[in-house]
Amino acid sequence: MSKAKKEIFRIGAGTLVLIIAVAVSFPSYLNLAFFLAAYFIIGGDVLWRAIRNILHGQVFDENFLMSIATIGAFFVGEYPEAVSVMLFYQVGEMFQDYAVNRSRKSISSLMDIRPDYANVKRNGELVTVDPEEVAINEIIVVKAGEKIPLDGKVIEGHSLVDTSALTGESVPREINVSSEVLSGCINLNGLLTIQVAKEFGESTVSKILDLVENASNKKAKRENFITRFARYYTPVVVIVAVILAVVPPLLVPGATFSDWIYRALTFLVVSCPCALVISIPLGFFGGIGGASKLGILIKGGNYLEALAATELVVFDKTGTLTKGTFKVTEINPVGISDTELLELTAHAESYSNHPISQSLKNAFESEIDNSRITDVEEIPGHGVKAVVDGKTVYAGNSKLMEKVGAVYSHNKTVGTVVHVTVNGVYAGYIVISDEIKEDSVSAIAKLKACGIHKTVMLTGDAKDVGEAVAETLGLDEVYTELLPVDKVEKVEKLLAEKSPKGNLAFAGDGINDAPVLSRADIGIAMGGLGSDAAIEAADVVIMNDEPSKIATAIAISKKTLRIVNQNIVFALGVKAIVLAMGAFGISNLWEAVFADVGVSVIAILNSARALRVDNTFK
Amino acid sequence: MKKNYRLNDLGCANCASKMEREISKLEGINSVTVNFMMQKLTIDAVDESFDDIMTSVQKIIKKIEPDCTIKM
């Protein structure tokens, strides 16, 4: 029989004895014997723990207080109440344990991303081992439906992998030979052969688990408040109870000891701060766990709490709001077709390994035929000259156009413009620029909707590029052409602008902006997958590269704080009311037990809501 | 040195914070957290006397919650 079942059985038996004692009219001494029997069956363990703890010098502990309260009730002659209060207390504790266990289970199911085994190739054979036993550069095989146990590089096979456990992203990612794969992802269909790049302890899945498990070690202000409160609350209530039991009967004429001792007993029952001590940390833990399910790692309760007070969000541009990869965004031919212009330019630039020529090649899509190109000549600071299919092509910036005497023009654009002449005639231009991420616009809109006062972008990029991006996204302020040092300075200035209680969050991609990340109230690193530096430097890590997750994190923070505040107000409120009623002799021990364990159970169930992050957050 | 331990049968949240308070008073402790939800003890203490500290930690845990055991 399990521990919990035994407990239920024992309490059931005690309850039966209690019912007999109440229902049957025995002679008074036998009556008391029945009540005492029921009392010891139900609450024997509480009494035993109380005695043991006193021997250890632990007074004011829950068991002790309940024992005193119920023994006191016996002394003032309230037998049925003494036993029932103990019964209620035990049942309440059982519910409380159940609720805590359930929350624990749902938390551990959130963290059920730990791979149990790895299929490793050793001496030509496939053996199944613990992921911890696999060394770097060993070859592992992951079958369809299995978790990828360690970070590595695919050397054979292609497949779709489900990264949702890490990123919260539900669309599977396509994986081919030489793709990097991360532990914790699930291989959906193909067979993957992977060369291990990191030991288990250093792999992504271990890092994430470590981070989430340790997040509750960094406590929020509200948690610290409750801890401090709990330290003083119990002794104060107990002292008041003693005064209540002794002083009025001695001073007030007509006041009886039995009445005032009874009132004091209600105090003792309410004096445990358990409802708060359990439910508040549970709320924060739930919020952190829920966020991690959506691919947002929050490194502590304090940061989760701070997020709700975000007033200002400062973004880095490249890699945060934009993809950081360059792409052909505009083709404006003059006198020839789009494809012709692109084809000629891509060929002319094909010998360069500049990012621009790379993006031209990507846009062209077909193979570059080297035999079509002759006489390539790079003109530093200007561009390139080449003969393609017998035509002389110049491709480069406006300086090059002036040099060759071409008449050119272009619209106001963001990004790098490549002008082209063919056989001395201007043939138009191609614009290459950094792409704005798909969800950047909605990210800014969502932040505004959730009450952020100001959004700011800092970038090292050119003025017209930065300002155009800021305008497209609807940012409030933009500062361009900044060096890394200037970024820190700007953030300092913005920190001085905000209200004392508000927070400034800085979101960057974790590269080069570690000083700013640590200077901000909340440092948010984007695209944390695989980047150790980002995980290290930031307070919040967004696992995929969606800036809209910042608004999600703030929403989770607000929801968590709402739950935590509800619990604080509810638990303290009920206790205060019952204490006041107890002092005036209106409330009885039943209500006091409710104010203790009943409130606890309700507060725990309420906190468990913090774990649930449903679709509204996505 | 920083180490994690599992606590078995840590039944009471208030006791967890009491343990944390008592342990943090020990000589040589840099930081300590008793995580009630995860049933985990995280200790950061000076290397030289780590074993002695752990003996005292066990005593404190026994004193506050006699049923609770630390899994070494």
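- Chain B appears in an unreviewed UniProt entry as Heavy metal transporter from Ruminiclostridium papyrosolvens C7.

- Under the annotation held in an unreviewed UniProt entry, chain A carries the name Zinc ABC transporter ATPase and is attributed to Ruminiclostridium papyrosolvens C7.
- Here chain A is described in UniProt, under the heading Sequence similarities (unreviewed entry), as follows: "Belongs to the cation transport ATPase (P-type) (TC 3.A.3) family. Type IB subfamily."

Some thoughts on the packing of helix H7 (residues 221–251) of chain A against helix H8 (residues 257–270) of chain A
All names here are of chain A.
1) Next: For the pair H7 and H8, interaxial distance at closest approach is 8 Å and the crossing angle is 175°. Classified by the interaxial angle, the pair formed by H7 and H8 is roughly antiparallel. Two secondary-structure elements touch here, H7 through Val-237, Val-238, Val-240, Ala-241, Val-242, Leu-244, Ala-245, Pro-248 and Pro-249 and H8 through Phe-257, Trp-260, Ile-261, Arg-263, Ala-264, Phe-267, Leu-268 and Val-270.
2) Next: A per-class count over the contact of H7 with H8 returns 16 nonpolar, no polar and one charged.

Thoughts on the interface of chain B and chain A
1) Next: Taken together, the contact between chain B and chain A spans 13 residues of the former and 18 residues of the latter.
2) Next: Going through the elements one at a time, helix H1 (13–24), strand S2 (29–35) and helix H2 (50–64) of chain B are the ones with two or more residues in the side of chain B that touches chain A.
3) Next: Its residues assigned to classes, the side of chain B that touches chain A shows seven nonpolar, five polar and one charged.

Details of the nonpolar core
1) Next: In terms of nonpolar packing, the biggest core is built from 169 residues, with Val-314, Ile-524 and Val-540 of chain A touching the most fellow members.
2) Next: The next biggest cluster of nonpolar side chains, apart from the first, holds 25 residues, and it includes Phe-326, Val-328, Leu-342 and Ala-427 of chain A.

So, the sheet that holds strand S6 (residues 173–175) of chain A
Whether parallel or antiparallel, the strands of a sheet pair through hydrogen bonds between backbone atoms.
Residue and element names in this part refer to chain A.
1) Next: As summarised here, the arrangement of the three strands in space is S6-S5-S8, forming an open sheet in which the pairing is antiparallel. The sheet terminates laterally at S6 and strand S8 (186–187), the two strands that pair on one side only.
2) Next: Where strand S5 (residues 159–162) meets S6, three bridges bridge the pair, whose relative direction is antiparallel. Looking at S6, one finds that Ser-159 is bridged to Ile-175.

A short note on the domain arrangement of chain A
All names here are of chain A.
1) Next: We note that the domain assignment places domain 1 (296–322 + 437–553) and domain 2 (324–435) within chain A.
2) Next: If you look at the interface, domain 1 gives seven residues, while domain 2 gives five residues.
3) Next: A total of four residues in the side of domain 1 that touches domain 2 trace back to one element, the largest contributor, which is helix H15 (residues 463–473).
4) Next: When grouped by side-chain class, the residues that make up the side of domain 1 that touches domain 2 number three nonpolar, three polar and one charged.

As for unusual backbone geometry
Residue and element names in this part refer to chain A.
1) Next: One non-glycine residue, Asn-123, lies in the positive phi region at around 50°.
2) Next: Along the chain, Asn-123 falls in the loop between strand S1 (118–122) and strand S2 (125–129).
3) Next: Unusually for a residue other than glycine, Asn-137 sits at a positive phi of about 75°.
4) Next: Its 9 C-beta neighbours within 10 Å are what place Asn-137 among the exposed residues.

Let's talk about the environment of His-453 of chain A
All names here are of chain A.
1) Next: Of note, His-453 is situated in the loop between helix H14 (440–449) and strand S18 (454–458).
2) Next: A residue is classified by how many C-beta atoms lie within 10 Å of it, and His-453, with 15 of them, is partly exposed.
3) Next: Remark: the alpha-carbon pair of His-453 and Val-313, spanning 140 residues in sequence, is separated by 8.4 Å.
4) Next: Beyond its immediate stretch of four places on either side in the chain, His-453 contacts Glu-311 and Leu-312.

Looking at the UniProt feature "transmembrane region" (unreviewed entry) in chain A
All names here are of chain A.
1) Next: UniProt records the feature "transmembrane region" (unreviewed entry) for residues 7–26, 32–51, 232–252, 264–285 and 568–586 in the present numbering.
2) Next: The annotated region residues 7–26 carries 85% helix and 0% strand content, and the separation between its end C-alpha atoms amounts to 28 Å.
3) Next: Counted over residues 264–285, helix gives 86% and strand 0%. Its end C-alpha atoms are 36 Å apart.

Quick word on the pairing of strand S21 (residues 522–526) of chain A
Residues and elements named next belong to chain A.
1) Next: Counting buried residues along S21, five of its five residues qualify, which places the element largely inside the surrounding structure.
2) Next: Burial along S21 is two-sided: Ile-522, Ile-524 and Met-526 and Gly-523 and Ala-525, pointing in opposite directions, are all buried.
3) Next: Inspection of the sheet shows strand S20 (residues 503–508) paired to S21 by four bridges, in the parallel sense. When the bridges of S21 are listed, Ala-505 appears paired with Ile-522.
4) Next: Summarising the sheet, S21 and strand S22 (residues 540–542) pair through three bridges and their orientation is parallel. From the neighbouring strand, Ile-524 faces S22, where its bridge partner is Val-540.

Rules used throughout
- Residues numbered from 1 in each chain as written.
- Chains lettered and ligands numbered in written order.
- Predicted model: local features only at pLDDT ≥ 70, side-chain atom pairs only at ≥ 80, totals over all residues.
- UniProt positions renumbered as here; feature names shortened; annotations may be inferred.
- Axes fitted to C-alpha atoms, helices over the stretch in contact; angles between N-to-C directions.
- Helix = DSSP H or I, 4+ residues; strand = E, 2+ residues; numbered from the N terminus.
- Parallel < 35°, antiparallel > 145°, perpendicular 65-115°, else oblique.
- Contact = placed C-beta atoms within 7 Å.
- Nonpolar A, V, L, I, M, F, W, Y, C, P; charged D, E, K, R; others polar.
- Core = buried A, V, L, I, M, F, W, Y, C linked by C-beta atoms within 7 Å.
- Buried ≥ 20, exposed ≤ 12 C-beta atoms within 10 Å, placed from the backbone.
- Pairing = 2+ DSSP bridges.
- Domains from an automatic or database assignment.

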